[in-house]
Amino acid sequence: MKKAKCIIARLKEAGYEAYMVGGAVRDHLRGATPHDIDVATSASPEQVKALFERTIDTGIEHGTVMVVIEGQGTEVTTFRTESGYSDNRRPDKVEFVNSLIEDLKRRDFTINAMAMTEEMAIIDPFGGRGDLDSGIIRAVGVPEERFSEDALRMLRAIRFSGQLNFRIDPSTKQAISEHAENLQFVAMERIKAELDKIMVSVAPDISMKYLTETRLSCYLPSGGLFEIDWSEYPAGNDPLSGWFYLLYQNGETFNSIRDYRFSNQDRKDLQHALEASRLPHWDDWVFYSFTERQLALVQAVSHKTVEVKRRQQALPVRSKSELAANGRDLMEWTGKKAGPWLKEWTRQMEKAVVERRLANDKERIKDWFIDEYQRHT
Ligand code: ATP
Ligand code: MG
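Thresholds applied
Residues numbered from 1 in each chain as written. Chains lettered and ligands numbered in written order. Predicted model: local features only at pLDDT ≥ 70, side-chain atom pairs only at ≥ 80, totals over all residues. Heavy atoms only, no water. Axes fitted to C-alpha atoms, helices over the stretch in contact; angles between N-to-C directions. Helix = DSSP H or I, 4+ residues; strand = E, 2+ residues; numbered from the N terminus. Parallel < 35°, antiparallel > 145°, perpendicular 65-115°, else oblique. Left-handed = near helix turned anticlockwise from the far one by under 90°. Contact = heavy atoms within 4.5 Å. Buried < 20%, exposed > 50% of the residue type's maximum accessible area, 1.4 Å probe, protein only. Domains from an automatic or database assignment. Near = heavy atom within 4 Å. Polar contact = N/O pair within 3.5 Å; in protein donor to acceptor, adjacent residues only side chain to side chain. Areas by Shrake-Rupley, 256 points an atom, 1.4 Å probe, with all protein chains shown as cover. Nonpolar A, V, L, I, M, F, W, Y, C, P; charged D, E, K, R; others polar. Pairing = 2+ DSSP bridges.

### Describing the packing of helix H17 (residues 340–354) against helix H18 (residues 362–376)
- Two elements in contact, H17 and H18, have axes whose closest approach is 11 Å; the angle formed by their N-to-C orientations is 125 degrees. Our classification of the angle between H17 and H18 gives oblique. Like other packed secondary-structure pairs, H17 and H18 cross with a definite hand, here right-handed. For the pair formed by H17 and H18, the contact residues are Trp-341, Trp-345, Gln-348, Met-349, Ala-352 and Val-353 on the first element and Ile-365, Trp-368, Phe-369, Glu-372, Tyr-373 and His-376 on the second.

Encoded structure:
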């Protein structure tokens, strides 16, 4: 907050208005530490840039300049309104205005539409503080209009309900139900980002209940999968565990949620976690073959209580590169060229070492290999 206050002081010295706004004010009032602080000002982006030594044009066409102080960036945005929204997601035009109130009016929910002065005085034209105290998510202005301007706001309302453990005001909820189908205009990565935030929120079951009740879930890929009981889902800090829970509870494969465009790593981890979840017993070979994250995903939902990390650390080897012999050694010992046999025998060797049937020592491995190889060929 210190950096933001410096920026505000500087802007005010130069004769402009400047305030902390949005999520930071909300979080400050609820006694949480805001993770980033946004500043709104009457100064134009050019005027902001002229006042500070280091700035980055992060979104200058929307009026946002990042001011960097001691390596830390704070977004400073010129008071603006938005209008147009012919595509239900992006304003056709952004207009700079010279009043804070106009700027607060374009924001999504009352709890996100407050400003705070440098002296910590709250400016709250829409009753955000009352809604924050009563635990209510309420659209600023006419909810129907706000959701037809930008369909992502519907999912944001539901995400905030889980993050803050808040109720959605009935008329705001009603408007979400009515505009649910506009969710199809929202880019998949933005939908996925909101769902990921729900998966790690304090009350994901509340968000999921709203998702179903408003029928927003009907406009999500495989939306029916969300209609499971989330009360037993132990949210942690890996969003993937929510996606795993979803697949696990529905008995589904990764394919059913591929439209959300997971990274290759996340896809692989989900697929492997599902595979591990089907194994009745986890032995050393399992701890060796799956990563800590993959097993943690399973563990979170299946009440398995083993200490994955400790079991993995206790393994004789953690990866193929730690083996005292490699494929080249096997080729040398047999005098054979590489081929499918090599992969198979490397795996046999790996398994024997992991399962402690064989010491990880080159001479021992050689004796074992020559013996076994002759017996099997
Ligand atoms: P978080 O803790 O998730 O960052 P936040 O409230 O800071 O929550 P941001 O997405 O960082 O959310 O947006 C900052 C502020 O910008 C919001 O508090 C809100 O006032 C406004 N805002 C963000 N997205 C929208 C939107 N789609 N429609 C209207 N206002 C928005
Ligand atoms: Mg934010």
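Continuing now.
### Observations concerning helix H14 (residues 292–302)
- Restricting attention to buried positions, one finds in H14 the residues Gln-294, Leu-295, Leu-297, Val-298, Gln-299, Val-301 and Ser-302.
- Where H14 is buried, its residues touch helix H11 (239–250), helix H12 (264–277), helix H13 (284–289) and helix H15 (308–313).
- Looking at the residues trailing H14, positive phi occurs at His-303, about 60 degrees.

### Quick look at the environment of Ile-257
- Checked against the element boundaries, Ile-257 lands in the loop between H11 and H12.
- The spacing of Ile-257 and Leu-225 is 32 residues in sequence and 9.2 Å in space, taken between C-alpha atoms.
- Not counting chain neighbours up to four residues away, the residues in contact with Ile-257 comprise Leu-225, Trp-243, Leu-246, Leu-247, Phe-262 and Leu-270.

### Description of the domain arrangement of the chain
- Taken as a whole, the chain is organised into domain 1 (1–131), domain 2 (135–228) and domain 3 (324–376).
- On a C-alpha basis, the centroid separation for the pair domain 2 and domain 3 is 56 Å.

### Topic: the site of ligand 1
- In the vicinity of ligand 1 there are 15 residues, among which Arg-26, Asn-112, Asp-150, Arg-153 and Arg-159 approach most closely.
- Asp-150 places a polar side-chain atom, nitrogen or oxygen, 2.8 Å from a nitrogen atom of ligand 1.
- Taking 580 Å² as the accessible area of ligand 1 by itself, protein coverage stands at 80%.
- Elements with a contribution of two residues or more to the shell around ligand 1: helix H2 (23–29) and helix H7 (152–164).
- Its residues placed into classes, the shell around ligand 1 shows one nonpolar, four polar and 10 charged.

### Notes on the sheet that holds strand S9 (residues 122–123)
- Pairing within the open sheet is mixed, and its seven strands lie in the order S3-S4-S5-S2-S1-S8-S9. The two strands at the open ends of the sheet, each matched to only one other strand, are strand S3 (55–59) and S9.
- Here strand S1 (residues 18–21) pairs with strand S8 (residues 115–116) via two bridges, running antiparallel. Directly across from Met-20, in S8, lies its bridge partner Met-116.

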